[in-house]
Structure formats: C-alpha cells, structure tokens
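One-letter residues, chain by chain:
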Amino acid sequence: MPVPLLDLKIQYQALKPELDAALIRVAESQISILGPEVDALERELEAYLGVKHAIGVSSGTDALLMAMMAYDIGPGDEVIMPTFSFFATAGCVSRVGATPVFVDVDHVSFNIDPALILKAITPRTKAVIPVHLFGQAADIDAIIAIGKAHGVPVIEDAAQAIGTQTSDGRRVGSIGEIGCFSFYPTKNLGAMGDGGLVTTNDDALNIKLRQIRNHGMEPRYYHKIMGGNFRLDAMQGAVLRVKLPFLESWHAGRRRNAELYTQLFIESGISSGAGVTTFSEHDLILLPKAINAGTSPDNHIFNQFTIRSAHRDALRAHLQSKGIGAEIYYPVPFHRQECYAHLHLNDGDYPVSNCLAATVLSVPIYPELTTAQIREVVATIVEFERTHASTPSECADCAECGTHT
Ligand SMILES: *Cc1c(COP(=O)(O)O)cnc(C)c1O
C-alpha cells in the first residue's frame, strides 16, 4: 500500500464546498490583496494565538526578513540561531547584510541550546532567532531570559509551530518580541500558495511592521522607512479562514499518529522509548519525544515526525522502493552550507547537528493517515532495521557526538 509523505488532496476534498465558496467570494469581490479577508484572518489569528497584533504577510521567509528590517539589523550586526533549521532562518539575516551566528542544538528536542546562545552573545548581537523545529517549542523562557539580560530581542521562528503551546499553555510566536509564521501548503495551517504572518504584542512594532509590509509607506506615497511588497493575498486569507477552525483537530490527528507510531515501534522491540539519544541493540531507531507531553495538549503539533536511523540513506531508499514517502529535514546544517564557507566555521563546534543531519528521517504524519498505513510504515522500517542491525553505521559523525555505541 503506498503511503505518501503528505497528501493535501484529502484535506481539500473534505473542505471542498467551503474552500471553493471562499475562492469565488474573493473573485467576485475583486479585492485581491489585503482587504477584509486578510483583516478578518488577522483578528481570528490574534484570538487563536493569544497575541495583540497579527499581520498577514507574503511568506514565512518574508516574515523573518521583516523582523530584521523592523530592528534595523544590518552590516556589522550579529544574529544568533540554531545551525539545524530550514534555510530561511539564516537567509533573512544575510539578506540584510548582517552576520548569522550558528549554535548547536539539543539532542532530544532538536531545538537551540540556550547555554550555547549565552556563549555566542557579543556586543554586536542584535537578535536571537530560536526555531520551534518540527512543531515542538524551543526552551523559550530560558531564551527570553537571556535576551532580557542582554537587551537583545527574541524573534521566534514559529513557521512549523502554529498553535504549539508551552507547558503553561502559551502559544509560541506570542512570547518573544516578534513571532514569524508560514502558511506554506505543507505547514499545519497551509494556504493554496505562499503566505505568512508576523505577530507582536508591541504597539509601536505593529505600526512599523505594517508600514514595512507596504514599502514603508504612510500616508500613501510618502515613505519614512524602507519596506517592500510583503502583502498577503485575499485568496490566501479566505482559504486560511476556512481552515483555521479545523486546525486543532488536525493537531490532534497528528498527535494521535505520533502516539501510535511510538507504541508500535516499542512493541516491535526496535525502540525502548521516545527521546533516547543512543543507538543500541534495544534502540535500532530513535524516536522523537514530545517534551512537555501531559502538560498542554498542543505541546508538540508534529509538523514532522522525525525518527533517526544509523542506516538512514539505505532506509529511505528502501521505504521509497515500497512506495512510502520519507524526507530528510535537514541534510546540511547552516555551518556546512557552501554560501557560508566564507565564515570559516569550525565543524567540530556542531556535533549534535552534524549527527542529526546524518541520521534524521521524517516519515508520514499527516492527520488523515489510516491506522493500516501507519502499521505498514512501521512494519517496513522494523523489517529493514532488523536485517541491517549488524551492518556498520553510515553515520560519519558517530565518534564526534557519541550517539553510536
Ligand atoms: C517553512 C519555513 C520557513 C519559511 O516559510 P515560507 O513560507 O516557506 O517562506 C521559515 N522557517 C522555517 C523553520 C520553516 O520551516
């Protein structure tokens, strides 16, 4: 039975009458950019996220770029971030001429290690960008405390984590100075094209971000500050408004699937439990752990369910040969990217990220997956790992991080 990594057609079919009506409503209004649909979406998302201001923008990438522009970050400035994330987190810093400063991540959460942020702070540090990777909250209170102590704003990259809650129930992206979200179709709340959101609780930043969204223009054709065309389309606003009321049920579906995967892998005998960081005869694969499980329901919204294998590339090829989708997020950490060769970074400073890059594999987790499909994915992985258990690890970094015994 084929199991795609993601099947967006199922969600579209389930909501087809409402989505089609929303698209036609926008077509008939001929208000195509911003306007009442985007205004309404912003108010609905402010309520959902528990944040004072939500600003609909053109993409998650542009949301991050706007945050850099709002703080006038530029040449000579440094911005700290995890080295293990999607490229947009780093690209926004480079695009304004500032220098990204990469730090390693935590072995269990895959999120930025606050202790390493502290070590990386210099007088030139102008912001910290924690990423709530794969839908799990970074250690945001520790990061905010560091930011406050050093007068450095915290820009949350919540692109993969819309709705993710901290252990005391706050939604990520509503906690730092600015939150950045993506509505890329594969995110938990996806548009039918590009879209994003910037959030803040600060009234002055809200005004500045809204100006930046439209060429720094206020009033019309008067430009006080530099901005760009970062506006959200009305079609995307209308689509997202149809989908938002279902978001919690989709999170619940992903969480249910994650729990079933975990249970089945443990029952199979190739995992002793979630959050183990060392491969052994009892842990032929490593399972992701929802760190705040049992506190808030949305502690991990599982935008990805990312397992680890010491034979990752061969496992992925095997899954593909059986019609099962699996993807590597992410194979190359920022410090190893060719475009950052000029920074002359020391590869040995990033043992955990290097190990993750060599071992991670994300498997299908979308809410509409059936139990039979999940059983098939598990059975295929278990059979593969059992037959490869005695072959040497492919991970070139095992000596560095001690992940392999
Ligand atoms: C998707 C993503 C982005 C960029 O969002 P786009 O809407 O695709 O521009 C930024 N950061 C992370 C961590 C992402 O996953």
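Residues numbered from 1 in each chain as written. Predicted model: local features only at pLDDT ≥ 70, side-chain atom pairs only at ≥ 80, totals over all residues. Heavy atoms only, no water.

### Concerning the overall build of the protein
Formally: Helix numbers and strand numbers start at the N terminus; a helix is a DSSP run of H or I with at least 4 residues, a strand a run of E with at least 2. Here the radius of gyration uses the C-alpha set of atoms, whereas the globule reference equals 2.2 Å times the residue count to the power 0.38. Residue exposure (1.4 Å probe, protein chains only): buried if accessible area is under 20% of the type maximum, exposed if over 50%, otherwise partly exposed. Contacts are assigned to residue pairs with any non-hydrogen atoms lying within 4.5 Å of each other. Values of accessible area rely on a 1.4 Å probe in the Shrake-Rupley scheme; residue burial ignores everything except the protein chains shown.
Each helix and strand counted, the protein has 13 helices and 10 strands in total. Expected size for 405 residues packed as a compact globule is a radius of gyration near 22 Å; at 21 Å, the protein falls within 12% of this value. For the protein, the spread of C-alpha atoms along the three principal axes comes to 70 × 55 × 40 Å. Counting the 405 residues in the protein, one finds 57% classified as buried. Across the protein, every contact between residues at least 6 apart in sequence was considered, and the portion connecting residues at least 24 apart equals 71%. As displayed, the protein has an accessible area near 16100 Å², and 56% of this comes from carbon and sulfur atoms.

### A look at the domain arrangement of the protein
Interfaces are often sized by the amount of accessible area the parts lose when they come together. Stated formally: Domain borders in the structure are assigned automatically or taken from a domain database. As a working definition, buried area equals the accessible area (1.4 Å probe) given up by two parts on being put together, with both sides summed. Salt bridges are defined by distance alone: a side-chain nitrogen of Lys or Arg within 4 Å of a carboxyl oxygen of Asp or Glu.
Annotation of the protein at the domain level lists domain 1 (8-245) and domain 2 (247-401). Look at where the C-alpha atoms of domain 1 and domain 2 centre, and you get two points 26 Å apart. Each partner contributes residues to the interface: domain 1 has 48 residues there, and domain 2 has 43 residues. Taking both partners together, domain 1 and domain 2 bury about 3800 Å²; carbon and sulfur atoms supply 61% of that area. Looking only at domain 1, the three residues that lose the most surface to domain 2 are His107, Phe134 and Asn188, adding up to 21% of its buried area. Our count for the contact surface shared by domain 1 and domain 2 stands at 2 salt bridges. Between Arg171 and Asp298 there is a salt bridge; the shortest N-O distance is 2.9 Å.

### Examining the site of the ligand
The condition that has to hold: Proximity criterion: a residue is near a molecule or strand once any of its heavy atoms comes within 4 Å of it. We define a polar contact as two N or O atoms separated by no more than 3.5 Å, with the added condition that, inside protein, one atom must be a possible hydrogen donor and the other a possible acceptor, whereas residues neighbouring each other in sequence contribute only through side-chain atom pairs. In this analysis a 1.4 Å probe is tested at points of a 1 Å grid over the protein atoms alone, and where it fits but cannot get out there is a cavity; an open set with protein on both sides within 12 Å along at least five of seven lines is a pocket; lining residues have an atom within 4 Å of a point. By definition, a pocket or cavity contains a molecule when more than half of the molecule's atoms lie within 2 Å of the pocket's grid points. Only Asp, Glu, Lys and Arg are considered charged in this grouping, and only Ala, Val, Leu, Ile, Met, Phe, Trp, Tyr, Cys and Pro are considered nonpolar; every other residue, Gly among them, is considered polar.
Taken together, 16 residues lie near the ligand, and Gly60, Thr61, Gln160, Ser182 and Lys187 sit nearest. Between the ligand and Gly60 there is a distance of 2.8 Å, counted from an oxygen atom to a backbone nitrogen or oxygen. At 2.5 Å from an oxygen atom of the ligand is found a side-chain nitrogen or oxygen belonging to Thr61. Isolated, the ligand exposes 380 Å² of accessible area, and the fraction of that covered by the protein chains is 92%. Counting atoms within 2 Å of the grid points, the majority share of the ligand lands in the largest pocket. Of all elements in the fold, only helix H3 (60-70) and helix H4 (88-95) reach the threshold of two or more residues within the shell around the ligand. Here the shell around the ligand takes 3 residues from H3, the largest share from any one element. Classifying every residue of the shell around the ligand by side-chain character gives 6 nonpolar, 8 polar and 2 charged.

### A look at the layout of surface pockets
Applicable threshold: Grid points are joined across faces, edges and corners, and a volume is the space filled by probe spheres set on the points.
By volume, the largest pocket is sized at about 540 Å³. Taken together, 32 residues form the lining of the largest pocket, with Gln160, Tyr184, Thr186, Lys187 and Tyr330 sitting closest to its centre. Looking at the lining of the largest pocket, the elements that each hand over two or more residues are H3, H4 and strand S6 (178-182). Within the lining of the largest pocket, the residues separate by chemical class into 17 nonpolar, 11 polar and 4 charged. Residues lining the lining of the largest pocket come from more than one domain, with at least three contributed by each of domain 1 (8-245) and domain 2 (247-401). Looking at the second largest pocket, it is lined by 18 residues, and the ones nearest its centre are Ala137, Ala138, Asp139, Ile140 and Asn292. Its residues placed into classes, the lining of the second largest pocket shows 6 nonpolar, 7 polar and 5 charged. Viewed by domain, the lining of the second largest pocket spans two of them, domain 1 (8-245) and domain 2 (247-401), each represented by three or more residues.

### Notes on the packing of aromatic side chains
Keep this limit in mind: Between rings of Phe, Tyr and Trp, where Trp is taken as its six-membered ring, a pair exists when centres lie within 6.5 Å; planes separated by under 30 degrees are stacked, by over 60 edge-to-face, and by other angles tilted. Whether a charge sits over a ring comes down to the Lys NZ or Arg CZ being within 6 Å of the ring centre and within 35 degrees of the ring normal.
Overall, the coordinates contain 13 aromatic pairs when judged by the stated rule. Geometrically, the ring pair formed by Phe102 and Phe334 is tilted, given 5.4 Å between the ring centres and 50° between the ring planes. Remark: Phe334 occurs in the loop between helix H10 (312-321) and helix H11 (351-359) and Phe102 occurs in strand S3 (residues 99-103); sequence separation between them is 232 residues. Classification of Phe334 as buried rests on a relative accessible area of 1%. Three or more aromatic residues link up through ring pairs in this structure, and these residues are Phe84, Phe86, Phe110, Phe134, Tyr329 and Tyr330. The ring of Tyr48 has Arg171 lying over it, and the distance from NZ or CZ to the ring centre is 4.4 Å.

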